[in-house]
Amino acid sequence: MTQEELCTQLAAQFGDAVSTLSETKGDRFVTVKGERIVEVCTYLKTTAGCEFDFCRDITAVDWPVRKAIEVVYHLYSMTHRHGLILKVEANREAPAVATVEGVWKAANWLEREIYDLFGVNFTGHSDMRRLLLPDDWVGYPLRKDYQEAGGYHGISNTRSEPLVQLTKVTDEVRKAIAAEAAAVAAAAAAAVPAAPAVVAPAAAAAPGPAEPAPASTERKP
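Residues numbered from 1 in each chain as written. Predicted model: local features only at pLDDT ≥ 70, side-chain atom pairs only at ≥ 80, totals over all residues. Heavy atoms only, no water.

(A) Fine view of unusual backbone geometry. Phi is positive for lysine 67, close to 55 degrees, though the residue is something other than glycine. Within the element layout of this structure, lysine 67 appears in the loop between strand 2 (54–63) and strand 3 (68–77). Its identity as a non-glycine residue notwithstanding, arginine 81 has a phi of 60 degrees, on the positive side. Mapped onto the elements, arginine 81 comes out in the loop between strand 3 and strand 4 (82–91). Given a relative accessible area of 56%, arginine 81 falls into the exposed group. (Helix = DSSP H or I, 4+ residues; strand = E, 2+ residues; numbered from the N terminus. Buried < 20%, exposed > 50% of the residue type's maximum accessible area, 1.4 Å probe, protein only.)

The following block contains the structure:
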């Protein structure tokens, strides 16, 4: 089924709760109203001809100017080999979207990652806590206005001129690698025994002019 056909089917089922298929040059998507996302996902997974049995990824995009965070669902059907992207827009001040963990178990960790890095709360989730960062971490690192707090429990995460330091470290590593390669090559060359000298045989002397035949001593009658 094509994306256009899928979108038409969704519009017939859910009306204005779903948008038309986007006309972007990149991956096309359908925007879904947040309060209907679980219904739409359940429909896409269980309806014959759709059967989106694989939740490939769930991610998010921060839009500070629009005061919104988009939650993006990448879905795929292993049965029919077709895919679809859904988007839900949440209020950036207190973003909350219903969990789809009950539709795809894989959503459990994917939603936790978004909560950890963007601060989106997935209501109804069975284990809504941070996934990558400690529970007492302050802020959400993938928001565009995130500011580092200067460290964590005495561990500094600030550096003066980090790019300059990185360049120096890279140069030192390259020099160390080159020196090690040269030492290995020198050791390998020293371990090879010298080949014995080969003396070329002396050239044979060129033959001289032929000697004349001796004169005959036989008397003629």
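(B) Representation of the side chain of arginine 112 within the structure. Residue position: arginine 112 is located in helix 3 (residues 107–118). When residues no more than four places from it in sequence are discounted, the contact partners of arginine 112 are His125, Asp127, Met128, Arg129, Arg130 and Leu131. (Contact = heavy atoms within 4.5 Å.)

(C) Structural detail: the packing of aromatic side chains. Per the stated rule, a full pass over the model turns up two aromatic pairs. If you follow arginine 66 out to its NZ or CZ, it ends over the ring of tryptophan 63, 4.7 Å from the centre. The ring of phenylalanine 29 is capped by lysine 87, whose NZ or CZ atom sits 3.9 Å from the centre of that ring. (Phe/Tyr/Trp six-rings, centres within 6.5 Å; stacked < 30°, edge-to-face > 60°. Lys NZ or Arg CZ within 6 Å of the ring centre and 35° of its normal.)

(D) Here's a closer look at helix 3. Here helix 3 spans 16 Å end to end across twelve residues, near enough to the 16 Å set by a 1.5 Å rise per residue. Across the twelve residues that make up helix 3, a large majority, nine, are buried. Inspection of helix 3 places Ala107, Asn108, Leu110, Glu111, Arg112, Ile114, Asp116, Leu117 and Phe118 among the buried residues, and these make up the whole buried set. Packing partners of the buried residues in helix 3 comprise strand 2, strand 3, strand 5 (96–98) and strand 6 (121–123). Downstream of helix 3 by a residue or two, glycine 119 has a phi angle that is positive, lying close to 85 degrees. (Expected span 1.5 Å × (residues − 1).)

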